[in-house]
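Chain and residue survey
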Amino acid sequence: MAEETAPDTPEQLAEQRQDPPDTEFQRLHPLTPLLTGWQVVAGAIAILTAQNISELIDEFTLTRLLIALGILACIVLLFVAGSFIRWRLTAYAVVPDGVFLRSRFITTTRRTAPRGRIDSVSIHRPLVPRLLGLAKVRVELVGGGDSHLDLTYLSSARAEEVRRRILQIAASSSDDADAESAPELPGTDPEEQEQASTADRIRGTLLDGVTTGTLLAQIPTQRLLHALMRDPFMWFVPILTVLVAIGPITAMVLDGFSMRALIPALTAVIAGPKLILDRIEKGWGFTSRSTDAGLRARRGLFTTRSDNLSADRIQTATLRQPLLWRDPAWVQMDVATAGAEDDDENGAILPVGTGDELVRSIDHMLAPVGLPIPPEAWGAGGPGPEDVAADAAAETSAEDDVAMLTRMLRVPAAELPGIRPDHWLFPLGRRFTSVMLTPHAVLVRSGTLVKRIRIIPRDRIQTVEALEGPIDRRIGLLPLRVTTADDSEVLTLPTADALRLLPVLHNDAATRRRLAHREQWARPRRSGAHATVEA
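First things first, this report covers the structure right here in the doc. (Residues numbered from 1 in each chain as written. Predicted model: local features only at pLDDT ≥ 70, side-chain atom pairs only at ≥ 80, totals over all residues. Heavy atoms only, no water.)

**Considerations on unusual backbone geometry**
Only a minority of non-glycine residues have a phi that is not negative, and only a minority of peptide bonds are not trans. Looking along the chain, the bond that leaves Thr152 and enters Tyr153 is cis, with omega of 0°. Locating Tyr153 in the fold gives a position in strand 6 (residues 148-155). Residues other than glycine seldom take positive phi values, yet Ala329 does so here, at roughly 60°. Along the polypeptide, Ala329 turns up in the loop between strand 11 (314-322) and strand 12 (331-337). Take Ala329: its relative accessible area is 34%, and that puts it in the partly exposed class. (Helix = DSSP H or I, 4+ residues; strand = E, 2+ residues; numbered from the N terminus. Buried < 20%, exposed > 50% of the residue type's maximum accessible area, 1.4 Å probe, protein only.)

**Quick word on the sheet that holds strand 17 (residues 463-466)**
An order of 17-18-19 is seen for the three strands of this open sheet, with the pairing classed as antiparallel. One side of each edge strand has no neighbouring strand; the edge strands of this open sheet are strand 17 and strand 19 (488-494). Averaged over all adjacent pairs, the angle separating strand axes in this sheet is 20°, with direction ignored. Where strand 17 lies against strand 18 (residues 477-483), four bridges are found, and the strand directions are antiparallel. If you follow Glu465 over to strand 18, its bridge partner there is Arg481. (Pairing = 2+ DSSP bridges. Axes fitted to C-alpha atoms, helices over the stretch in contact; angles between N-to-C directions.)

**A short note on the pairing of strand 5 (residues 134-141)**
For strand 5, the tally of buried residues reaches eight of eight residues, placing the bulk of the element in the interior. Side chains of strand 5 alternate between two faces, with Leu134, Lys136, Arg138 and Glu140 and Ala135, Val137, Val139 and Leu141 buried alike. When strand 5 meets strand 6, the two strands line up antiparallel, connected through six bridges. Looking at the pairing, Val137 lines up with Leu151 of strand 6.

**Concerning helix 9 (residues 232-255)**
Each full turn of the α-helix corresponds to 3.6 residues, which orients residues three or four apart in the same direction. Helix length check: helix 9 (24 residues) gives 36 Å between terminal C-alpha atoms against 34 Å at 1.5 Å per residue, within 8%. For helix 9, the principal kink sits at Ile246 and spans about 30°; a proline, Pro248, occurs within the next four residues. For helix 9, the complete set of buried residues consists of Pro232, Met234, Val237, Thr241, Ala245, Pro248 and Met252. The N-cap of helix 9, judged by a side-chain oxygen 3.1 Å from the amide nitrogen of Phe233 a few residues on, is Asp231. (Expected span 1.5 Å × (residues − 1). Bend = angle between axes of the 7 residues up to and from the residue. Polar contact = N/O pair within 3.5 Å; in protein donor to acceptor, adjacent residues only side chain to side chain.)

**What about the sheet that holds strand 3 (residues 109-114)?**
Strand order across the open sheet formed by three strands is 1-2-3, with antiparallel pairing between neighbours. The outermost strands of the open sheet, each flanked by one partner alone, are strand 1 (90-95) and strand 3. Strand after strand, the sheet turns through a mean of 10° between neighbouring axes, direction not considered. In this structure, strand 2 (residues 98-103) lies alongside strand 3, joined through six bridges in antiparallel fashion. The residue bridging Leu101 from the neighbouring strand is Arg111, located in strand 3. Along the sheet, helix 5 (residues 156-171) contacts strand 1 and strand 2; its crossing angle with strand 1, the most-contacted strand, is approximately 45°. (Contact = heavy atoms within 4.5 Å.)

This is the structure in structure tokens:
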């Protein structure tokens, strides 16, 4: 993120030029220098060791080891001392105008998260800070992939207080002069917190505070592990690990022990389990609830994180169902969001859900999908798509949408009311891929062993372009690239169908996404009506 976020208006610029009073600023947790200092040193040591491990082993002596340990201790102390000085000169403030992070180490730097641009707030608890009772607060802003501000680290209790405070400020109107006018979020009343029983407090600690709001999904560990065993990805990882490691191991058996041969084998042995562990981390202890601030989700085994996600931030959604998930009717739901820096944030809001959990998640987070529009009704050759299916779409419920989507995951593409790339050059696409248009979304069904449906809301489309090349022209196909804020999708369609769809999506990109008409965007059915109950 830029050192100082550019405001939208001259009034905001004048407001940001002046820092809050020094009395509003607070320091981060005192253990921050220790945690940030050793991470830099550990990373540097890992890189140097990996590059020179053979020479280090060949020239190893006890004297050199002691000298290296002494040098390492000096380097660690130097970095920790530098981190401590930086911590002393760094402070943050959460005020009605937004969040400020100021550092006066060598040069003065200042980062701001203006109230009007705060999008969401998440809490990250890496393993070591979590053991020490610390957490990182990340403030996501409306903007590109690097638009965030991190408060690293705070105590877990303080991090929850700061998260609630920031969400209150973001929920207040731009005309509010003080934070007292901000609407109070559930769980922020001190009297209610004091009256909470010991069991409730323990439960809140184990779930990282994700205890209020309408329960959408809570994934048992048994279901998560059972689902991973049924996922083809989990079968391929051990096979690939063995295939990669068998070569270096064979070389060592034939030619004798060698560190140069051992390193690739160790890399494969470590990388394979790490991929599996990442999948487990993604769904372990997953709990999601719908609150007044949007979706609140918690996940993680060693490193936990709790995220807030508003429906307006979702750009696309993807339903995923491996072949062996069909009997228990499990579905994974992923969303892609604007302003996410890493792939973890573009993750599953339902790692392995049942039909009821999928209905609740779609009901609260996605706009109605509606019924597929017949391809012959696309474009100007007949009545407009909205005229054909507006009434039916208005009446569809979340149960109707989920029933339609799960059926699309199960049946062959030939039975779907969509268009396929019907040419022998696309042997898999013509059998498994189908593109459908509904009043509110573009649906793309694909996949063989793992079926996928990508949902592209029509009011999130930014650009549409035709990618016709000489071969496409020869075989009668016209690929269309549909771009949203997070990614793009290429739709390979017969030319006649693509020419009917192209003006429809062009019109969507030109009119539906305008921020001036944001209040007219299709909304989730439960948006703005989140009940606050205990499940």
